[in-house]
Amino acid sequence: MRIARFSIDGNVAFGAVEGDRPDELVLDVIKGIPFADFELSGTKVPLSKVRLLPPVLPNKVVAFGRNYAEHARELGNEVPDAPFAFFKPSTAVIGPGDEIQYPSFTEDLHHEAELAVVIGRMCREVPRERVKDVIFGYTCANDITARDVQKREKQWARAKGFDTSCPLGPWVETDLDVETASDLTIQLTVNGEQRQLGRTSEMIHSIEDLIVNISEAMTLLPGDVILTGTPAGVGALNVGDEVAVTIEGIGTLTNKVVKRG
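Okay, so let's go over this structure.

Rules behind the numbers
Residues numbered from 1 in each chain as written. Predicted model: local features only at pLDDT ≥ 70, side-chain atom pairs only at ≥ 80, totals over all residues. Heavy atoms only, no water. Helix = DSSP H or I, 4+ residues; strand = E, 2+ residues; numbered from the N terminus. Buried < 20%, exposed > 50% of the residue type's maximum accessible area, 1.4 Å probe, protein only. Areas by Shrake-Rupley, 256 points an atom, 1.4 Å probe, with all protein chains shown as cover. Lys, Arg positive; Asp, Glu negative; His and termini not counted. Charge placed at Lys NZ, Arg CZ, Asp CG, Glu CD. Pairing = 2+ DSSP bridges. Axes fitted to C-alpha atoms, helices over the stretch in contact; angles between N-to-C directions. Core = buried A, V, L, I, M, F, W, Y, C linked by side-chain atoms within 4.5 Å. Contact = heavy atoms within 4.5 Å. Polar contact = N/O pair within 3.5 Å; in protein donor to acceptor, adjacent residues only side chain to side chain.

Regarding its fold elements, the chain presents six helices and 20 strands. Seen through its principal axes, the chain has C-alpha atoms that stretch 55 × 45 × 30 Å. Within the chain, the fraction of its 261 residues that count as buried is 53%. Accessible surface for the chain amounts to roughly 11700 Å². Of this, 47% is attributable to carbon and sulfur atoms. Counting 27 positive and 39 negative side-chain charges, the chain places the averaged centre of each group 5 Å from the other.

Shown next as structure tokens:
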């Protein structure tokens, strides 16, 4: 099931996305929230009539860096022996169609296409064999990075945590299992030109590795998001660019870059 979060006439709700043709998609409005038992209301709204929002509002976004060997090498970094985590604040999150604001403190803004894992239940110290039980689903992400700031500063809070640096969407796909999600095509285009192309099977540390690793340290809450790293091909974004992340079996997340006002 594809579950989207949307607004219409000033109201915010979740809905199940139905249909196959992009111009015929509809939302069956969900009664309640999707992280607990819920029912479909039967009230259906054309997707074209709503504004899609970030599919979840995470308490925290835990991101893992250098989790694809070729990406680590393209930036001149060593491949880490263990998962390497950092955070993006909730204020970094935007949804499909929202604008990525080019910060005034950088001159080298980069895209990074990523598979995002959405947590479905409160959990801590998750054993590997239970990882599948705590995952709600998967969505597309773009880990927008101020590359010059990342290189210059000793930690990544500003380089990767600024407002609008974490586009998510367009919805959460709940029908993928861990095994399937671990071998999907992931690609990114800028103005229609392909920049990144890889497979999630190229991850150094698996989805299970990442969730086991971070849940040893902290409690994960429903709606929290785990970013799993980016394949090679990262590069610059400029004001006016349209950047799109497409992941097999999930969908496409599109955003435009604008100058921060």
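What follows is about the sheet that holds strand S9 (residues 99-102). The strands making up a sheet associate through hydrogen bonds between their backbones, and the pairing can be parallel or antiparallel. One open sheet holds the five strands; their spatial order is S9-S20-S19-S15-S16, and the pairing between them is mixed. Among the strands making up the open sheet, the edge pair consists of S9 and strand S16 (193-199). Averaged over neighbouring strand pairs, the angle between their axes works out to 20° when direction is ignored. As defined by bridge partners, strand S19 (residues 242-247) adjoins strand S20 (residues 251-259) across six bridges and the pair is classed as antiparallel. The partner of Val245 across the bridge, within S20, is Leu253.

We now examine the sheet that holds strand S13 (residues 145-146). The strand order across the open sheet formed by three strands is S13-S10-S18, and the pairing between neighbours is antiparallel. Where the open sheet ends on each side, the last strands, each with one partner, are S13 and strand S18 (235-237). Bridge count for strand S10 (residues 109-111) against S18 is three bridges, and the pairing is antiparallel. Residue pairing for S18: His111 is matched across the bridge by Gly235.

Counting residues in hydrophobic clusters, the biggest one holds 45 residues, and the most contacted among them are Leu115, Ile135, Tyr138, Ile207, Ile211, Ile226 and Ile247. No other element matches helix H6 (residues 207-215), which puts five residues into this core. Those residues in contact with Ile207 that lie beyond four places of it in its chain are Leu115, Val117, Ile135, Tyr138, Val178, Ala181 and Ser182. In terms of nonpolar packing, the next biggest core, distinct from the first, is built from 19 residues, Ile3, Val56, Val93 and Ala116 among them.

This part takes up the pairing of S19. In this sheet, S19 lies alongside strand S15 (residues 185-190) in antiparallel orientation, the contact comprising five bridges. Bridge pairing in S19 places Gln187 opposite Thr246. Following S19, the chain reverses through three residues before pairing antiparallel with S20; Gly249 in that reversal takes a positive phi of roughly 80°.

Within the secondary structure, Thr230 sits in the loop between strand S17 (225-227) and S18. A distance of 2.8 Å separates a polar atom in the side chain of Thr230 from the backbone oxygen of Ala113. A polar contact of 2.8 Å, which involves the side chain of Thr230, links it to the side chain of Gln196. Residues contacting Thr230, with those up to four places away along its chain left out, are Tyr68, His71, Glu112, Ala113, Glu114 and Gln196.

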